[in-house]
Structures are given as C-alpha cells and as structure tokens.
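Given next are the chains, with one letter for each unit.
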Amino acid sequence: MDYLIDDYDNMTVSPIEVKSGRDYKIHSAINKFISNESYNVAKAYVFSNERNVYEENGIIYLPIYYIMYFKA
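Residues numbered from 1 in each chain as written. Predicted model: local features only at pLDDT ≥ 70, side-chain atom pairs only at ≥ 80, totals over all residues. Heavy atoms only, no water.

K.L.:
Even after reading the chapter, I still don't get the packing of aromatic side chains, so can you show me in this structure?
P.N.:
A ring pair, where both rings are aromatic, is described by two values, the distance of the centres and the angle of the planes. For the structure on display, the rule yields four aromatic pairs. Plain terms: the ring middles of Y24 and Y61 are 5.9 Å apart, the flat faces sit at 80° to each other, and that makes the pair edge-to-face. Here the residue Y24 occupies a position in the loop between β2 (12-18) and α1 (28-35), and Y61 occupies one in strand β5 (residues 59-63), the gap between them amounting to 37 residues. Each member of the pair Y24 and Y61 is classed as buried. Following the ring pairs from residue to residue traces out a cluster consisting of Y24, Y54 and Y61. (Phe/Tyr/Trp six-rings, centres within 6.5 Å; stacked < 30°, edge-to-face > 60°. Helix = DSSP H or I, 4+ residues; strand = E, 2+ residues; numbered from the N terminus. Buried < 20%, exposed > 50% of the residue type's maximum accessible area, 1.4 Å probe, protein only.)

Right under this line is the structure:
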C-alpha cells in the first residue's frame, strides 16, 4: 500500500508504504520513486510490524502503531 503526502511548504512529496510481513525492507516502488531526482523527495516512510525506529538510505522505518502520531 503506497501513499503520497504533499508538502506544499517545501514543494516535495513524502512517499509512505505500509508493510505487513517480514520483508518490510523490500520496497521497490519507493526505491524507484526516491531515485528520480526530478520528484524532489526529501523523506520516505515505511510503516511495518518492526518495533525499531531508524533511517536507512533516506527511508525512515517506523512501527505501524506510530501512525497515530505521524505528521509529515
């Protein structure tokens, strides 16, 4: 499941992907999207069942239950 949030102030978008399985680090859609420099992507987010919060290669990984606190 993929979403986009418009960030009008910075003229960018923030792609969001929600993953349910153990393969939450496999996200070819986001990888392809953020690699295109013309989209000006500042941050990308992956929500999953993983309990750790961290950033890797420009993608921020968050537990799914953090979605209630999410503000792009």
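Still more ground to cover, so stick around.
K.L.:
Looking at this structure, how should I read the nonpolar core?
P.N.:
In summary, soluble globular proteins display a tendency toward joint burial of nonpolar side chains. Ranked by size, the top nonpolar core spans six residues in total: Y24, I30, A44, V46, I59 and Y61. Of all the secondary-structure elements, those providing two or more residues to this core are β3 (44-48) and β5. Contact partners of Y24, with chain neighbours within four places excluded, come to K19, V46, S48, E50, Y54 and Y61. In this structure, I16, F47, I60 and L62 belong to the second largest nonpolar core, which totals five residues. (Core = buried A, V, L, I, M, F, W, Y, C linked by side-chain atoms within 4.5 Å. Contact = heavy atoms within 4.5 Å.)

K.L.:
Is there a simple way to think about the pairing of β5 in this case?
P.N.:
Sheet faces and side chains relate simply in a regular strand, where the side chains alternate between the two faces. Counting buried residues along β5, five of its five residues qualify, which places the element largely inside the surrounding structure. In β5, alternate side chains face the same way, and those of I59, Y61 and P63 on one face and I60 and L62 on the other are all buried. Alignment of strand β4 (residues 54-56) against β5, held across three bridges, turns out to be antiparallel. Considered in β5, the bridge of E56 is made with I59. (Pairing = 2+ DSSP bridges.)

K.L.:
Honestly, the pattern of salt bridges in this entry has me stumped. Any pointers?
P.N.:
Pairing between side chains of opposite charge can happen when their charged atoms approach one another. Scanning the model with the defined rule gives two salt bridges in all. With a closest N to O distance of 3.4 Å, E17 and K19 form a salt bridge. (Salt bridge = Lys/Arg side-chain N within 4 Å of Asp/Glu carboxyl O.)

K.L.:
How should a nonpolar patch on the surface be read in this particular structure?
P.N.:
A surface patch of nonpolar side chains, about 730 Å² in accessible area, is lined by V53, I64, Y65, Y66, I67, M68 and Y69. You can see Y65 is positioned in the segment after β5. (Patch = residues over 30% accessible without salt bridge, like charges linked within 9 Å, V, L, I, M, F, W, Y side chains within 5 Å. Areas by Shrake-Rupley, 256 points an atom, 1.4 Å probe, with all protein chains shown as cover.)

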